[in-house]
Amino acid sequence: MTGPAAPILLENAWIAPVVGPEIQSGWLSVAQGRITGIAPGPAPRITGAHRIDATGCLITPGLVNTHHHLYQWATQGLFQDATLFEWLTGLYRLWARMDAEVVYGAASAGLSWLALTGCTTSSDHHYVFPAGRGDLFDAEVRAAAEVGLRFHPCRGSMDRGVSAGGLPPDEVVEDRDTILAATTETILRYHDPAFDSMLRVAVAPCSPFSVTEELMLESAALARSAGVRLHTHLAETLDEEKHCLEQFGRTPVEYLDDLGWLGPDVWFAHAVHLHDKDIRRFAETGTGTAHCPGSNGRLGAGIARVTELLAAGAPVGLGVDGSASSELSSMAGEMRQALLFQRAVHGPQAISARQVLELATLGGARNLGRHFEIGSLEVGKLADVAVWRMDGFRSAVVDPVWALVFGPTPPLARLLVGGATVVSDGELRTMPQDAVARAGRIAHARLAGSESR
């Protein structure tokens, strides 16, 4: 990352801290990676500060993406009219061919795109590990470090192939001992629990229809003994509910509840098809949800019960999901979709622009267990900050938070991660932007080129 060693002073901006009142014209200061001041009115004099005039800009916390599959950048645009199970069945055979070079190129492009659209922290759920294809996990960790985003990679896994009643083909699953050993090694090698950590690991078996009960139980035990979080897909489609009822005699949430998989150290991707009692259990246990409206809409999976989860007090964040089910997806775009989907079902007062901004920032930070460090603009928190250009045509909407959430994604004047500049004036500053886009295109051509024509 690049950025001045001196303190940074952003002034003359509308500031939406998420926590506390908004400031229609004020300043925010950053030093040594943290927010050191925020207030209305003219900015103070700070010796040696790099002053940035943010007139016409909206300052928000950096967006927090709580569910992704970065490798899927290399298989965008395929199986456009498929259901989830049809889409997965078609793509598994392509994903079985990926190697570390493909993953690096896809992750570099995917993370750069997230940065260019306001994201400062991203999780990733990587669960396909073809044998003999290099160190796929390390490839995405390297990409995140070079792009400069705070990264929460989840060591995923599948041990239940078609021959055992699962969905994935047997050639893309691993045996349980290999998975547990690799996951333990990954935590020891990469996980950093420090306050300002750029890299934390979670344990993430893929889903109830691709993982054995034994692996779910042992993964939870491993994660809790190591002090890391748990993540998986859950209740994404009605097909999944049917599968769980047939295989386990329980709904997806009942099944994982019985396995001890609900709790404040757990967040689930999607959680579209929840029963009332499931929502109550999520709230009682502090279990989080990564809402992925774009992917759920693309695959026809349904609309998650976000307003009901929020009303019950359950944690909810946003996720872009994999690029292969949410092409060129961005966190800012997911904010708009989340708002429109809930209003389409429940009416125009169902959820506000500011509630959705909170989902995309502090809600995501709660999912990742980092709400004391990121997700809001408060003195002492890490300086993960998005500065959006809301002038020009966008100035016709007087309320910039409304314009950000309801409108198309605005360009970034600046994106800071720990006070370091990752994006400036709409351009990536940590890596050559054209080269990163080309790397993503090459990864796609290598993995899915013949399928795309």
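Placed above this text is the structure.
If you're wondering where the values come from, they're calculated on a predicted model, not measured in any experiment.

Chemist: Kindly report on the pattern of salt bridges, identifying the contributing residues and their values.
Modeler: In this structure the tally under the stated criterion is 24 salt bridges. The residue Asp 138 makes a salt bridge to Arg 142 at a minimum N-O spacing of 3.4 Å. With Asp 138 and Arg 142 both in helix α3 (residues 136-147) and four residues apart, the pair spans about one turn of that helix. Judged by relative accessible area, Asp 138 falls into the buried class, the value being 17%. Note on Arg 142: relative accessible area 38%, which makes it partly exposed.

Chemist: Account for helix α11 (residues 331-346), naming residues and giving values.
Modeler: Here α11 contains 16 residues, and its C-alpha end-to-end distance of 22 Å stays within 8% of the 22 Å for a straight helix at 1.5 Å per residue. All of the buried residues in α11 are Met 331, Ala 332, Glu 334, Met 335, Ala 338, Leu 339, Phe 341 and Gln 342. With its phi angle positive at about 100°, Gly 347 sits one or two positions after the end of α11.

Chemist: Let's hear about the pairing of strand β15 (residues 412-417): which residues, and what values?
Modeler: Most of β15 sits inside the fold, with six of its six residues counted as buried. Relative to β15, strand β14 (residues 385-389) runs antiparallel, the two being bridged by four bridges. Looking at β15, one finds that Val 385 is bridged to Leu 416. Bridging between β15 and strand β16 (residues 420-424) involves four bridges; their strand directions are antiparallel. Bridging from a neighbouring strand, Leu 415 pairs with Val 423 of β16.

Chemist: Please provide a residue-by-residue account of the layout of surface pockets, values included.
Modeler: It is the rolling of a water-molecule-sized probe over the atoms that shows where space remains empty. In this structure, the largest pocket encloses a volume near 230 Å³. Around the largest pocket, the lining comprises 15 residues; the ones closest to its centre are Asp 135, Phe 137, Arg 155, Ala 182 and Thr 186. Elements with a minimum of two residues in the lining of the largest pocket: α3 and α4 (176-190). With five residues, the single largest contributor to the lining of the largest pocket is α4.

Rules of the game
Residues numbered from 1 in each chain as written. Predicted model: local features only at pLDDT ≥ 70, side-chain atom pairs only at ≥ 80, totals over all residues. Heavy atoms only, no water. Salt bridge = Lys/Arg side-chain N within 4 Å of Asp/Glu carboxyl O. Helix = DSSP H or I, 4+ residues; strand = E, 2+ residues; numbered from the N terminus. Buried < 20%, exposed > 50% of the residue type's maximum accessible area, 1.4 Å probe, protein only. Expected span 1.5 Å × (residues − 1). Pairing = 2+ DSSP bridges. 1 Å grid on protein atoms, 1.4 Å probe; cavity = no way out; pocket = protein on both sides within 12 Å on 5 of 7 lines; lining within 4 Å. Points joined across faces, edges and corners; volume = space filled by probe spheres on them.

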